[in-house]
Amino acid sequence: RPVVTRPETQAIDMNSRSNTLADRDIVPSEQTFGFLGLGMMGSTIVKDLIYTGHKVVVWNRTIDKCQPFVEAGAEVKDTPMDVVEAADVIFCCVSDPKGAKDLVFGNCGVLQLKDLNNKAYVEMSTIDPETSTDIGEGIKQCNGRYLEAQIHGSRQEAADGMLIILAGGDRSVFEECHSCFKTIAKNTFFLGNVGNACKVNLILQTILGVSLVGLAEALALADRFSISLNDIIDIFDLTSMKSPLLLAKGKEMAKGDFNPQQPLSHMQRDLRLVLNMAENLDQSMPVTSITNEVFKHTKRLGYSEHDSSAVFVRSRF
Ligand code: NA7
């Protein structure tokens, strides 16, 4: 079993700006925006929201991560509940459905406030439709408005302001977030009821996961034949199969560079959520099931925090 080193944590460069921002002509909303969760995605998003003139109040479980945002002009609060009190619209962007629910229903969570007074809660963490429905109902029962706004894209696409926003729920919240979405995304879709955006996001993740495992297996076979992976990628680039993502991921596999753009643990979480969704519908998804097993095994080999392209390591065994 190889010794696996954790990928280096990339520090957020508070001074970097996506090239696209200058062309977008953003007029910031005058509302106060709360932000819960300053991981890689959350940090990148908040940095750009501050830069484009939005008033932002932040909270993160590991409080140290808030410091650069204080220096950049954000206010920091001690609990999620405090953020909700201080903001009109509150975004949440944490790792998984459990974390997303904890922030709403847990101690010092959003619903401790009892009356949300028509404030808006926007869930950006990748979650399943059932979790989103539960969160949305909790928020509505406390007189709040709810929007699921799933962010589709890699960490680099977030840094470039090139995410795709998939939204469902309260349309008035969607409109109120216009200047924020315009800051961070190249496209924004309103898909109707709560749950729809989560479904679409997870369907897109299914395509991604299955494609990566196919690519990894094919490149591993080439490697066994001692065929240059760079040659395969160059030829692939000339075919009608080529896609920017598969080319980029193929190059990462060839180099063994698994800098986490789409962490492998997130990909496996998404496949698990997809399979749970399918289970409830008796929908057969044999290829996705096997894909999930491949990602699970790669996690066990120590590649949780690497990029999803690290599935190549497992395929080579
Ligand atoms: P990261 O960089 O792994 O960051 C995860 C964030 O989630 C980070 O702020 C964590 O806080 C936070 N987190 C995780 N679990 C919890 C719980 N239980 N309670 C509170 N906060 C929590 O992920 P990304 O930023 O790349 O991605 C975030 C989401 O965007 C994810 O759903 C993607 O699919 C889309 P910490 O700093 O560890 O204290």
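Quick caveat: nothing in here was measured; it's all calculated off a predicted structure. (Residues numbered from 1 in each chain as written. Predicted model: local features only at pLDDT ≥ 70, side-chain atom pairs only at ≥ 80, totals over all residues. Heavy atoms only, no water.)

Draft legend 1. Molecular detail of the overall build of the protein chain. Assigned secondary structure in the protein chain consists of 14 helices and 8 strands. Its C-alpha atoms give the protein chain a radius of gyration of 20 Å, within 12% of the compact-globule value 20 Å for 317 residues. C-alpha atoms of the protein chain, sized along the principal axes, occupy 65 × 45 × 40 Å. Counting the 317 residues in the protein chain, one finds 50% classified as buried. Taking all contacts inside the protein chain whose residues are at least 6 apart in sequence as the whole, residues at least 24 apart take part in 70%. Accessible surface, the protein chain: about 15400 Å² in total, of which carbon and sulfur atoms supply 50%. Distance between charge centres in the protein chain, computed from 32 positive and 40 negative side chains, equals 4 Å. (Helix = DSSP H or I, 4+ residues; strand = E, 2+ residues; numbered from the N terminus. Rg over C-alpha atoms; globule rule 2.2 N^0.38 Å. Buried < 20%, exposed > 50% of the residue type's maximum accessible area, 1.4 Å probe, protein only. Contact = heavy atoms within 4.5 Å. Areas by Shrake-Rupley, 256 points an atom, 1.4 Å probe, with all protein chains shown as cover. Lys, Arg positive; Asp, Glu negative; His and termini not counted. Charge placed at Lys NZ, Arg CZ, Asp CG, Glu CD.)

Draft legend 2. Inspection of the site of the ligand at higher detail. Close to the ligand lie 23 residues, the nearest being Met41, Asn60, Thr62, Lys65 and Thr126. With respect to the ligand, the side chain of arginine 269 contributes an N or O atom lying 2.8 Å from an oxygen atom. Here the ligand, which alone exposes 780 Å², has 85% of that area covered by the protein. Of all the secondary structure elements, the ones that give two or more residues to the shell around the ligand are α1 (40-51), α4 (97-105) and α12 (264-280). (Near = heavy atom within 4 Å. Polar contact = N/O pair within 3.5 Å; in protein donor to acceptor, adjacent residues only side chain to side chain.)

Draft legend 3. Highlighting α12. Under the 1.5 Å per step criterion, the end-to-end length of α12 is 25 Å for 17 residues, consistent within 8% with the ideal 24 Å. Contact partners of the buried residues in α12: α4, α5 (129-141), α9 (196-224), α13 (286-303) and α14 (311-315). The positive-phi residue at the C-terminal boundary of α12 is aspartate 282, with phi of around 55°. (Expected span 1.5 Å × (residues − 1).)

Draft legend 4. Layout of the sheet that holds strand β7 (residues 163-169). Read from one edge to the other, the open sheet built from 8 strands follows the order β3-β2-β1-β4-β5-β6-β7-β8, with strand pairing classed as mixed. Lying at the two open borders of the sheet, with one neighbouring strand each, are β3 (75-76) and β8 (185-190). Summarising the sheet, strand β2 (residues 55-59) and β3 pair through 2 bridges and their orientation is parallel. Following the sheet pairing, valine 57 is matched in β3 by glutamate 75. Its contacts with the sheet put α1 on β1 (32-36), β2, β6 (145-152) and β7, and the angle it makes with β2 is roughly 155°. (Pairing = 2+ DSSP bridges. Axes fitted to C-alpha atoms, helices over the stretch in contact; angles between N-to-C directions.)

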